[in-house]
Amino acid sequence: MVVADTPVVIQDETQEREHEEETVTKSGPVYSLEILKIITDCQQQHGLRHSDYQRYRGYCTRRIQRLRQTLHFPQGDKRHFKRKDVTEAHLKDERFLHIPLMLSERAWGYAMQLRQEANTEPRKRFHLASKLRKAVKYAEQLEQLCQSELCDARSKLEAQAYVAWMRASLHFELHVWNKALDHFQQAQVVYEKLCGVVKETDLPVYKHKCDELIPNLRYCAYSIGDSTAITDLKDLRGIAHGDILDKLDRLMLEARAKDGSGVAEVEWQGYKISVRPAEVGSFLLADQELQIESPGGQAEVDLLERHVIRCKDAISAVRDVISAEQGGKLKTEGHPLQMLLSYLTYIRLSRSNERVRIMIELAKAEQDAAGQETEPESQDLLGEVKKGKPHELIRLYEVILQNLNEMQQLTGLENNNDFQAEMDATITAYKAFRCYYIGEVLTATKKFREALALYDKGLKYLTGLVSSKVQAEVKGELETLEVRIKMSRCICIAQGVLQNEATKALDSGDSSALNVHQDPKALMKVPLIDRLEVYYQDPNLMSKKANLIKLPPDLELLMCKPLFFDVAQNYVKFPNMDAEKKVTENQGPQQAGQGLTGFVKGLWGWGATKK
């Protein structure tokens, strides 16, 4: 009975297991593909943090090769190529879904690289469009695979949003604004839905993607005919950050160039300069608006950095015009294009100096915060709290001085006396700042003589400075700088005097010359037994490194042992010993040898001669 019933039980269990697998396959999800999270991690780790699309494209190629090799899904052999696309029949492993995803990302990365190169080579936009079409094709293959029953609902939504975003990117580059707007809106709706179902750790990625789509939506609406969209783009600058700001700036420049709302003529240093090409006028309009749109702090540093980069692009555009019209050289002085080039260079240098000044203020704020957080034991003996080292400030002031020297050498302004006088006064003021901070560095390294010389030089710069000709950004800081230099100069002199006293006290070994104003490091070198009358809370006294007494002690000077010379020897009269000498000679050696010893030998027969 048992043997007969066993196969029946096994058959029933097998049927139940197969039935469960079919049920799970038909009703339950198998794969969950987090497309946006995967591509965001790959992009941030392989080049897109620095807009290096070529590096990201190479990574996608290597990833595809590894996936095909691991999954044993090659396209032919070494000699022959046979294309193999992933189908639903191949979905035995979730990694098969990564192949079309990486193919689409590789084509998209190549397209973005071509968009960067199209600024100088416009014909590359045709290649850009073909690569985006290929990216859309692979994205559609991925969407079809995710629509199968093997993928869950989240994977389906992720694929729909991804293909919508890829189609929108293609139509955006082709200037098909209606379709681009529809696809961007579709992607935005899906990503907003996903924000409500993803984990809290993944939520920032999806919110950032939603924020990234907003500038494109506004620009598409503006291109279609919505005149209020450009205002919306300006309003977004106050709340956007990172790569979204870069996209906003690029879209606003394109919108101004398309609308023709750029600056046509500028007046600078007595010259009226006509502006061309149109993108330079758009940049100058953005430069005028930048004076109002300043969020402040680190955000303003980033904003000015991007503005300087766009200024370099405008300078390159003017040089291209000069190269096309004049063969690379301007034959006449004061040519409008040459003055426009000088004006753009002046904007670049002045905006760069403005950015560096903000960085200086941030560095000073960090040093003040570091000084407030310093423990009381780290205060020096003059009561001054030790702050951060000003090496970074010296480097920043060097950058400003270099930019000011370049301003002085701008073509067309060599004979402008007012401009040159303003530059000379401003350079002198910044040299005083540089002397002050170099003196601070030397004071911190106990080089008081060199620091005192630099403080005096800084005061000399301020004394001979005509403050009325200094730029307004620096004029308000000169009085504060003079007070700081005088204060630091007094501290430097006091520390130098104390250092000399400490050196003399250590050299002479006189502990009474030591006082409470000595350098703690100098006091710690003196043994405790030699500085009992000086109060100093030495933390090493309770440790094994306590400096209590010097062993072995130092050698002391003593009087050497005197030499006695017998100078009276020639005047001393010795007694006459001749008589005793004769008696000794007459006794002979044997008799002379007998005495007390001979008596003892003969008393009991000791030492007697045997017969």
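Worth saying up front: this structure is predicted, and the values here are computed from it rather than measured.

What counts, and at which threshold
- Residues numbered from 1 in each chain as written.
- Predicted model: local features only at pLDDT ≥ 70, side-chain atom pairs only at ≥ 80, totals over all residues.
- Heavy atoms only, no water.
- Helix = DSSP H or I, 4+ residues; strand = E, 2+ residues; numbered from the N terminus.
- Buried < 20%, exposed > 50% of the residue type's maximum accessible area, 1.4 Å probe, protein only.
- Areas by Shrake-Rupley, 256 points an atom, 1.4 Å probe, with all protein chains shown as cover.
- Axes fitted to C-alpha atoms, helices over the stretch in contact; angles between N-to-C directions.
- Parallel < 35°, antiparallel > 145°, perpendicular 65-115°, else oblique.
- Left-handed = near helix turned anticlockwise from the far one by under 90°.
- Contact = heavy atoms within 4.5 Å.
- Nonpolar A, V, L, I, M, F, W, Y, C, P; charged D, E, K, R; others polar.
- Phe/Tyr/Trp six-rings, centres within 6.5 Å; stacked < 30°, edge-to-face > 60°.
- Lys NZ or Arg CZ within 6 Å of the ring centre and 35° of its normal.
- 1 Å grid on protein atoms, 1.4 Å probe; cavity = no way out; pocket = protein on both sides within 12 Å on 5 of 7 lines; lining within 4 Å.
- Points joined across faces, edges and corners; volume = space filled by probe spheres on them.
- Core = buried A, V, L, I, M, F, W, Y, C linked by side-chain atoms within 4.5 Å.
- Salt bridge = Lys/Arg side-chain N within 4 Å of Asp/Glu carboxyl O.
- Patch = residues over 30% accessible without salt bridge, like charges linked within 9 Å, V, L, I, M, F, W, Y side chains within 5 Å.
- Disulfide = S-S within 2.5 Å.
- Expected span 1.5 Å × (residues − 1).
- Pairing = 2+ DSSP bridges.
- pLDDT = per-residue confidence, 0-100.

Focus on the overall build of the protein
Each helix and strand counted, the protein has 21 helices and 2 strands in total. By residue count, 38% of the 611 residues in the protein fall in the buried class. With an accessible surface of roughly 38,400 Å², the protein has 53% of that area assigned to carbon and sulfur atoms.

A look at the packing of helix α6 (residues 153-173) against helix α7 (residues 177-195)
Here α6 crosses α7 at 155°, and the two axes come no closer than 8 Å. One finds that α6 runs roughly antiparallel with respect to α7. In this structure, the crossing between α6 and α7 has a hand that is left-handed. Touching Arg 154, Leu 157, Glu 158, Ala 161, Tyr 162, Ala 164, Trp 165, Arg 167, Ala 168, Ser 169, His 171 and Phe 172 of α6 are Trp 177, Lys 179, Ala 180, His 183, Phe 184, Gln 186, Ala 187, Val 190, Tyr 191 and Leu 194, all from α7. Along the lines of polarity and charge, the residues of the contact of α6 with α7 split into 14 nonpolar, 4 polar and 4 charged.

Some remarks on the packing of aromatic side chains
Going through the model one piece at a time under the given rule, you end up with 17 aromatic pairs. Here the aromatic rings of Trp 268 and Tyr 346 are separated by 5.5 Å at their centres, their planes lie at 40°, and the arrangement is tilted. Taken together, the residues span a long stretch of sequence, with Trp 268 in strand β1 (residues 265-268) and Tyr 346 in helix α13 (residues 336-372) at a distance of 78 residues. Taken as a pair, Trp 268 and Tyr 346 share a single burial class, namely buried. Following the ring pairs from residue to residue traces out a cluster consisting of Tyr 397, Tyr 430, Phe 433, Tyr 436, Tyr 437 and Tyr 455. One residue, Arg 57, lies across the ring of Tyr 110, its end atom 4.0 Å from the ring centre.

Things to note about empty space enclosed by the protein
Under the defined criterion, the tally for this structure stands at 2 cavities of 30 Å³ or more. Its boundaries defined by the atoms lining it, the second largest cavity holds a volume of some 50 Å³. When contributions to the lining of the second largest cavity are tallied by element, the ones reaching two or more residues are α4 (98-117) and α5 (124-146). When residues in the lining of the second largest cavity are grouped by element, the largest group, 3 residues, is from α4.

So, unusual backbone geometry
Apart from glycine, the bulk of residues carry a negative phi angle, and the bulk of peptide bonds sit in the trans form. Note that the residue after Leu 551, namely Pro 552, is joined by a cis bond; omega there is -10°. By the element assignment, Pro 552 lies in the loop between α19 (520-525) and α20 (578-593).

Examining the nonpolar core
Within the largest apolar cluster, 67 residues are counted, with the highest numbers of intra-cluster contacts made by Trp 108, Tyr 162, Phe 184 and Tyr 191. At the level of elements, α2 (35-45), α3 (53-70), α4, α5, α6, α7 and α8 (203-224) are the ones that each hand at least two residues to this core. For this core, the element with the most residues is α6, which contributes 10 residues. When residues no more than four places from it in sequence are discounted, the contact partners of Tyr 191 are Leu 36, Ala 161, Tyr 162, Tyr 206, Lys 209, Cys 210 and Leu 213.

Describing the pattern of salt bridges
Within this structure, the stated rule accounts for 16 salt bridges. Residues Arg 434 and Glu 398 are paired through a salt bridge, measuring 3.1 Å at the closest nitrogen-oxygen approach. Placement of the pair is Arg 434 in helix α15 (residues 417-444) and Glu 398 in helix α14 (residues 391-408), with a sequence separation of 36 residues. Under the relative-accessibility criterion, Glu 398 is labelled partly exposed at 35%. Residue Lys 486 pairs with Glu 482 through a salt bridge whose shortest N-O separation is 3.5 Å. Separated by 4 residues within a single helix, Lys 486 and Glu 482 lie in helix α18 (residues 478-508), roughly one turn from each other. Of the residues examined, Glu 482 reaches a relative accessible area of 32% and is grouped as partly exposed. Look at the salt bridges and you will find they share partners, linking Glu 34, Arg 154 and Glu 158 into a network.

Things to note about a nonpolar patch on the surface
A grouping of Ile 529, Leu 532, Leu 548, Ile 549 and Leu 551 is seen on the molecular surface, where their side chains present a nonpolar patch of about 540 Å² in accessible area. On the secondary structure map, Leu 548 appears in the loop between α19 and α20.

Comments concerning the state of the cysteines
One pass over the full model with this rule turns up 0 disulfides. Just so you know, Cys 151 is unpaired, no disulfide at all, and the nearest cysteine sulfur is the one on Cys 146, 4.6 Å from it. By relative accessible area, Cys 151 is classed as buried at 3%. Between Cys 490, a free cysteine, and Cys 492, which holds the nearest cysteine sulfur, the sulfur-to-sulfur gap is 9.9 Å. The exposed category is assigned to Cys 490, whose relative accessible area is 52%.

A look at the packing of α2 against α4
Two elements in contact, α2 and α4, have axes whose closest approach is 12 Å; the angle formed by their N-to-C orientations is 50°. Accordingly, the angle class assigned to the pair α2 and α4 is oblique. For the pair α2 and α4, the sense of crossing is right-handed. Packed against α2, whose contacting residues are Ile 35, Ile 38, Ile 39 and Gln 43, the element α4 presents His 98, Leu 101, Glu 105 and Trp 108 at the interface. Residues belonging to the contact of α2 with α4 are distributed by class as follows: 5 nonpolar, 2 polar and 1 charged.

Description of the side chain of Ser 488
Here Ser 488 shows up in helix α18. Note on Ser 488: relative accessible area 8%, which makes it buried.

Points about α15
With 28 residues, α15 extends 41 Å between its outermost C-alpha atoms, agreeing within 8% with the 40 Å of an ideal straight helix rising 1.5 Å per residue. Positive phi appears at Lys 446, one or two residues downstream of α15, with a value of about 65°.

Regarding the environment of Val 197
Its location among the elements puts Val 197 in the loop between α7 and α8. Between the alpha carbons of Val 197 and Arg 154 there is a distance of 8.8 Å; along the sequence they are 43 residues apart.

Considerations on the environment of Gly 196
By the secondary structure assignment, Gly 196 is in the loop between α7 and α8. A residue is classified by how much of its surface remains accessible, and Gly 196, at 66% relative accessible area, is exposed. C-alpha separation for the pair Gly 196 and Tyr 206, spaced 10 residues apart in sequence, amounts to 9.8 Å.

Considerations on the pairing of strand β2 (residues 271-274)
Note that β1 and β2 share 4 bridges and pair antiparallel. Following the sheet pairing, Glu 265 is matched in β2 by Ser 274. Adjacent in sequence and paired antiparallel, β1 and β2 are bridged by 2 residues, among which Gln 269 carries a positive phi angle near 55°.

Focus on the confidence of the model for the protein
Overall, the predicted model of the protein reaches an average pLDDT of 77, with 74% of residues at or above 70. Confidence over residues 238-244 falls short of pLDDT 50; this stretch has 9 contacts with residues more than four positions distant or in other chains. Residue range residues 374-388 is modelled with pLDDT below 50. Its contacts to residues more than four positions away, or to other chains, number 21 contacts.

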